[in-house]
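Each chain, letter by letter, is given below.
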Amino acid sequence: MAGPRVQMAGFMMRNGWSEPALDIDRSSIVPIYRQIEERLREQILTGALPEGARLPPERRLATRLAVNRSTIVHAYRDLVVAGLIEQRVGSGSRVASLKPNSADRSPAVPWWVTLPPWRMGQFPAVLGELAAVEHGDRIAFVQGVPPADPSPLADLSQSFARVGGNVNYVLTYGDSEGYGPLREAIAERMRGRGAKIESRDVLVLTGSTQGIALVAQSLAEPGDEIIVEAPTYPGALQVFAIHGLRAIAVPVDDDGLRVDHVEAVLRTRRPRFIYTMPSLQNPTGVTTNEDRRERLITLAQRAGVPIVEDDPYGELTPLRTAPLVARNADYVIYLSSFSKTIAPSLRLGWLCAPRTIYERLLLRKQSYDMATSMYVQASVCDYMHTAYDAHLPLLRAELDARRAIALDAIATFWPTTMRVVRGGGGYYLWATAPREQRARVLLDAAERRGASFLFGEAFFAQSGGDHNFRLALTPVPREALAEGIRRIGAAITR
């Protein structure tokens, strides 16, 4: 046990195993639970662990490997989700049958009983929380929606009115790629940010989350590895889990994605893509600095691994930092949305992709919805030409003002043991409680006092976030920000 690597052999024979070695590298950046899960997966799929073979009890294996029992629980749980092992009370964990589903599909059995298993993220209800508008009387720091003021509604309604009288915008599907003038308007804005993008590179989406799903299905297969940030957007994690992708988590600090950790992963792994939110990251609000951006692009080119840049907040950054796609459009699939700069109910986003994969993404989108609403596209295009540039600076100023109010209230009402990321910006504040306080317990206490937030565990692909939580500063009336933070402070110090 003294060295960095641990092997297990004879112990397995005594538990019905065939005699493979479970090799753990404690110096690796890959989490130990993931290493265990991978070794067992390989042994099951190659037949080294036959169907029905009994796995060691979690506690006994944890003791043998000198790891926490939760590490083994996590590894076994992932194998259960993958359908490779079965767990039954009284008989422990055994290798599952890999034969095709033989469920009884006779007419006497209800059809929904025989449906095949499907994958979900660890917190499937979180997306519902993000979309919910009803939180009772609580001051809810939950939804990442634009603030009520400055409002785009007056100008946006005029744009819809101008478009609504034209049958070519209302009584038609439109092209799957998107409305031509809107694609050109998007490409022009991207060029203004330094990216060499033409309208033919733009694919209009029904919300940018559709783009995440298109990428997940088009660039990878179930079981493939990808790199994600820790923490990151729960909606993306859920999409990746549903499609069976295996996330390798890389930490984020005050300067953005830890590119040195990405480099360490790429030395030994070949993930399908790197998913990152480099500008005003959700949930931390940090922006990846210029040196790390350049290094990330260099690493991606060297390893032959594309980057998926999720950039819904890019136009709201104070420094107007150039996106990753501006550095190398051949290695970046760029995603963005009008949900954070205009209105989420538009359900309008876009992606920019290299010509090498554009057609693949387009065909996948056609199978989803054939075309995004032509009426909405034409209306937003009109708004971009008439009011968008005037709206954005007002929105940036409002976000800055709300952040200042929130940070002042935190300094007043929260104990100094609470850490908050102060150097970021945008919609969110990311908080870390002391080790003795769990965020879910704190959420229960805060809700009893009339405030709510999102607990941190939902933002991690793997374990983590027990002591973190996110405050969305935008859905709360500005005059209620300080009071909501005071209520959370009362829950912290109860």
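Since the structure is predicted, the reported quantities are computational estimates derived from the model, not experimental observations.

A. The arrangement of the pattern of salt bridges in detail. Enumeration according to the criterion identifies 33 salt bridges in this entry. The residue Arg 419 makes a salt bridge to Asp 254 at a minimum N-O spacing of 3.2 Å. Here Arg 419, found in strand 14 (residues 419-420), pairs with Asp 254, found in the loop between strand 8 (246-253) and strand 9 (256-257); they are 165 residues apart in sequence, far enough to count as distant. Assessed through its relative accessible area of 42%, Arg 419 is described here as partly exposed. Measuring nitrogen to oxygen at the nearest pair gives 3.0 Å for the salt bridge that ties Asp 466 to Arg 438. On the criterion of sequence distance, the pair formed by Asp 466 in the loop between strand 17 (454-455) and strand 18 (468-472) and Arg 438 in the loop between strand 15 (428-432) and helix 16 (439-448) is long-range, its members being 28 residues apart. Ionic contacts of the salt-bridge type, sharing partners, join the residues Arg 34, Glu 37, Glu 38, Arg 39, Arg 41, Asp 78, Glu 225, Arg 246 and Arg 269 into one network.

B. Region of the structure containing empty space enclosed by the protein. Taken as a whole and assessed by the stated rule, the structure comprises two cavities of 30 Å³ or more. Looking at the largest cavity, its volume works out to about 110 Å³. What lines the largest cavity is a set of 17 residues, and nearest its centre among them are Arg 193, Glu 315, Ser 336, Trp 350 and Tyr 388. Breaking the lining of the largest cavity down by element, the ones donating at least two residues are helix 8 (180-192) and strand 12 (332-337).

C. Region of the structure containing the nonpolar core. Grouped together as the largest cluster of nonpolar side chains are 87 residues, with contacts concentrated most on Phe 240, Phe 273, Tyr 275, Phe 338 and Leu 346. Considering every element that reaches this core, the biggest residue donor is helix 14 (residues 374-386), with seven residues. Those residues within four positions of Phe 273 in sequence are excluded, and the remaining contacts are Val 215, Ala 216, Leu 219, Ala 220, Glu 225, Ile 226, Ile 227, Phe 240, Leu 245, Val 305, Pro 306 and Val 308. Of all hydrophobic cores here, the second largest spans 41 residues; its members include Val 252, Val 420, Ala 431 and Ala 433.

D. Inspection of the packing of helix 9 (residues 208-219) against helix 10 (residues 234-242) at higher detail. For the pair helix 9 and helix 10, the least separation of the axes is 10 Å and the interaxial angle reads 30°. In this structure, the crossing between helix 9 and helix 10 has a hand that is right-handed. In this structure, helix 9 uses Thr 209, Ile 212, Ala 213 and Ala 216 to contact helix 10, whose residues at the interface are Ala 236, Val 239 and Phe 240. Its residues assigned to classes, the contact of helix 9 with helix 10 shows six nonpolar, one polar and no charged.

E. A look at helix 14. Across its 13 residues, helix 14 extends 18 Å between first and last C-alpha, which sits within 8% of the 18 Å expected from 1.5 Å per residue. The element helix 14 is extensively covered by neighbouring structure, given that 10 of its 13 residues are classed as buried. Those residues of helix 14 lying buried are Met 374, Val 376, Gln 377, Ala 378, Ser 379, Val 380, Cys 381, Asp 382, Tyr 383 and Met 384. Check the buried side of helix 14 and you find it contacts helix 6 (153-164), helix 7 (167-170), helix 8, strand 6 (202-205) and helix 15 (388-413).

F. Fine view of the packing of aromatic side chains. All chains considered together, the criterion is met by 14 aromatic pairs. With a centroid separation of 6.0 Å and 70° between ring planes, the pair formed by Phe 338 and Tyr 388 is classed as edge-to-face. On the criterion of sequence distance, the pair formed by Phe 338 in the loop between strand 12 and strand 13 (349-352) and Tyr 388 in helix 15 is long-range, its members being 50 residues apart. On the basis of relative accessible area, Phe 338 is assigned to the buried category, the value being 1%. When the centroid spacing of 5.9 Å and the interplanar angle of 50° are considered together, the rings of Tyr 427 and Tyr 428 count as tilted. Note on accessibility: Tyr 427 and Tyr 428 belong to one class, buried. In textbook terms, an aromatic cluster arises when at least three aromatic residues are bridged by ring pairs, as seen for Phe 338, Trp 350, Tyr 383 and Tyr 388. One Lys or Arg, Arg 355, reaches over the ring of Tyr 358 and ends 4.5 Å from the middle of that ring. Cation over ring: Arg 440 sits above Phe 455, and NZ or CZ is 4.6 Å from the ring centre.

Conventions and cut-offs
- Residues numbered from 1 in each chain as written.
- Predicted model: local features only at pLDDT ≥ 70, side-chain atom pairs only at ≥ 80, totals over all residues.
- Heavy atoms only, no water.
- Salt bridge = Lys/Arg side-chain N within 4 Å of Asp/Glu carboxyl O.
- Helix = DSSP H or I, 4+ residues; strand = E, 2+ residues; numbered from the N terminus.
- Buried < 20%, exposed > 50% of the residue type's maximum accessible area, 1.4 Å probe, protein only.
- 1 Å grid on protein atoms, 1.4 Å probe; cavity = no way out; pocket = protein on both sides within 12 Å on 5 of 7 lines; lining within 4 Å.
- Points joined across faces, edges and corners; volume = space filled by probe spheres on them.
- Core = buried A, V, L, I, M, F, W, Y, C linked by side-chain atoms within 4.5 Å.
- Contact = heavy atoms within 4.5 Å.
- Axes fitted to C-alpha atoms, helices over the stretch in contact; angles between N-to-C directions.
- Left-handed = near helix turned anticlockwise from the far one by under 90°.
- Nonpolar A, V, L, I, M, F, W, Y, C, P; charged D, E, K, R; others polar.
- Expected span 1.5 Å × (residues − 1).
- Phe/Tyr/Trp six-rings, centres within 6.5 Å; stacked < 30°, edge-to-face > 60°.
- Lys NZ or Arg CZ within 6 Å of the ring centre and 35° of its normal.

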